[in-house]
Amino acid sequence: MSKIVVVDDDLFILQLLSEYLRKEAYEVTSFASGANLVEYVRSDEPECLILDIMMPGIDGLSLLTEIRSFTEIPIIMISARGEESDRIYGLELGCSDFLSKPFNPRELVGRVKAMLRLYKLGNGSSVDPAAASKTENVCLAGNLEIFADFRRVSVNKTEISLTSREFELLLFLASHLERPFDREQLIQHVWNYDFFGDVRVVDDLVKRIRKKLAEHGSSLLINTVWGFGYKATVNKI
C-alpha cells in the first residue's frame, strides 16, 4: 500500500482528495498546514506528496525546496491562483507535476498513479549493467549510461542523482545525439501534458544537468545552439 501525503489548508479539498485516494487503496495522511510536514516526510518516507502552494505559515514552495534537499519522491503542487509564475517556479524547484484549482479529483488520482509507477521503477532493485545492456532500454553516450527502465544514470559506473525532469530531458537529448531541438520541442517531450508557462524553464533545467554532469566528469555535453535551443554531443577528447 503506497503512502500518500496531502497538504492543503482548505479542509474541504483536504478531505475530498483524501477520500478519493483512499478509494484507490492508498494509505493517506493529511496536513492542514506545513507545520511538522518536513519531519514527517523524513521519518515516514511517503511515496508521493500533494502540496498546496498558498498556506498560512510556511508556504508550499518553501516546503518543496526543503523537502527536495533530501528526497526525490513525486511532489504534485496544487494552487488556486493558477499563475504561470507559480507553475514555472514550482517546476524549477523540482516539483514533479502541477495542477491549478479547480480540478477534477480523478485527474489528480490519475497523475498520482503515473508518478508512482515512475518512482517505483526508478527505486527498484539494483541495476545489473551487464543484463541491462542486453535490452533496448539502455542509452550509451560516451562514458554516460542511462538505464531507461530503471530511471538511473551513471558516469564511469558512478550513479548521478537526477530529478524526474532532469532525467527525462537528459534521456531525450542523449537519445538524439547531435540533433538540435528548440525549447518548445523539449517542453513537448519532457512535460507530457499541456504546458502554458515560460519555455525558458528549459534553460534552468539544462543548467542543473550540466552542473551534475561536469561534477562527475561526463563526456556527454549539452551544447547551446544559439538562437535555437540545445543539442547533446559527446566529447571525444
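Relevant structure appears above.
Heads up: these notes are all about the structure in this document. Within each chain, residues carry numbers counting from 1 in the order of the written sequence. Local features in this predicted model are restricted to residues whose pLDDT is 70 or higher, and side-chain atom pairs enter the listing and the counts only when it is 80 or higher, whereas totals over whole chains, interfaces and linings include all residues. Derived side-chain values reflect all non-hydrogen atoms in the structure, with water molecules and hydrogen atoms excluded from consideration.

To continue, consider the packing of aromatic side chains. Ring pairs are drawn from Phe, Tyr and Trp, using the six-membered ring of Trp, whenever the two centres fall within 6.5 Å, and their geometry is named by plane angle: stacked under 30 degrees, edge-to-face over 60, tilted for the rest. The full count for this structure, using the stated rule, is two aromatic pairs. Ring geometry for F172 against F181: centres 4.7 Å apart, planes inclined by 55°, an arrangement best described as tilted. Using a 1.4 Å probe on the protein chains alone, a residue whose accessible area is under 20% of its type maximum counts as buried, one over 50% counts as exposed, and one in between counts as partly exposed. Overall, the relative accessible area of 2% leaves F181 in the buried class. Against the face of Y20 rests K23, its NZ or CZ located 5.5 Å from the ring centre. One residue, R42, lies across the ring of F70, its end atom 4.0 Å from the ring centre. Placement of a positive charge over a ring is assigned whenever Lys NZ or Arg CZ falls within 6 Å of the ring centre and within 35 degrees of the normal to the ring plane.

Within the largest apolar cluster, 53 residues are counted, with the highest numbers of intra-cluster contacts made by L37, L51 and L170. Secondary structure counts use DSSP, requiring at least four H or I residues in a row for a helix and at least two E residues in a row for a strand, with both numbered from the N terminus. Per-element tally for this core: the top contributor is helix α7 (residues 164–174), with seven residues. We call two residues in contact when some of their heavy atoms are within 4.5 Å. When near neighbours in sequence (up to four residues on either side) are disregarded, L51 contacts V7, L37, G60, L63, L64, I75, I76, M77 and I78. Among the buried residues, those of types Ala, Val, Leu, Ile, Met, Phe, Trp, Tyr and Cys that are joined through side-chain atoms within 4.5 Å form a nonpolar core.

A separate point is the environment of S30. Take S30: it is sitting in strand β2 (residues 27–31). The spatial distance from the C-alpha of S30 to the C-alpha of V7 is 5.8 Å, given a sequence separation of 23 residues. Apart from the residues within four sequence positions on either side, S30 is in contact with V6, L14 and S18.

Within the fold, R111 resides in helix α5 (residues 105–122). Polar contact is defined as a pair of N or O atoms within 3.5 Å, subject to the rule that within protein one atom must be able to donate a hydrogen and the other to accept it, and that residues adjacent in sequence are counted only when both atoms are side-chain atoms. Here F98 takes part through its backbone oxygen, which lies 3.3 Å from a polar atom of the side chain of R111. A distance of 2.6 Å separates a polar atom in the side chain of R111 from a polar atom in the side chain of E107.

Two packed helices can be described by the angle between their axes and the distance between those axes. Lines are fitted to the C-alpha atoms to define the axes, a helix being fitted only along its stretch in contact, and any angle between axes, read from their N-to-C directions, falls within 0 to 180 degrees. At a minimum axis distance of 10 Å, the contact between α7 and helix α9 (residues 201–215) shows a crossing angle of 80°. Between α7 and α9, the angle falls in the class roughly perpendicular. Each of R165, E166, L169 and L170 in α7 lies in contact with α9, whose residues at this interface are L205, V206, R208, I209, K212 and L213. Classification used: nonpolar for Ala, Val, Leu, Ile, Met, Phe, Trp, Tyr, Cys and Pro, charged for Asp, Glu, Lys and Arg, polar for all others including Gly. Residue composition of the contact of α7 with α9, grouped by class: six nonpolar, no polar and four charged. Note that the term roughly parallel is reserved for angles under 35 degrees, roughly antiparallel for angles over 145, roughly perpendicular for angles of 65 to 115, and oblique for everything else.

On to the packing of helix α8 (residues 183–190) against α9, then. α9 packs onto α8 with a crossing angle of 75° between their chain directions and a minimal axis gap of 10 Å. Regarding the angle of α8 to α9, the classification is roughly perpendicular. Two secondary-structure elements touch here, α8 through R183, L186 and I187 and α9 through V201, V202 and D203. In terms of residue class, the contact of α8 with α9 is made up of four nonpolar, no polar and two charged.

Let's shift gears to the sheet that holds strand β6 (residues 138–141). Strands pair in a sheet through their backbones, by hydrogen bonds, and they do so in one of two ways: parallel or antiparallel. Strand pairing is defined by DSSP finding a minimum of two bridges between the two strands. If you walk across this open sheet you meet the four strands as β6-β7-β8-β9, and the pairing is antiparallel. The strands lining the two open edges of the sheet, one partner per strand, are β6 and β9 (158–160). The mean angle between the axes of side-by-side strands here comes to 25°, regardless of whether they run parallel or antiparallel. Two elements, strand β8 (residues 152–155) and β9, share three bridges in a ladder whose sense is antiparallel. Bridge assignment links S154 to a residue of β9, and that residue is E159. Its contacts with the sheet put α7 on β6, β7 (144–147) and β8, and the angle it makes with β7 is roughly 115°.

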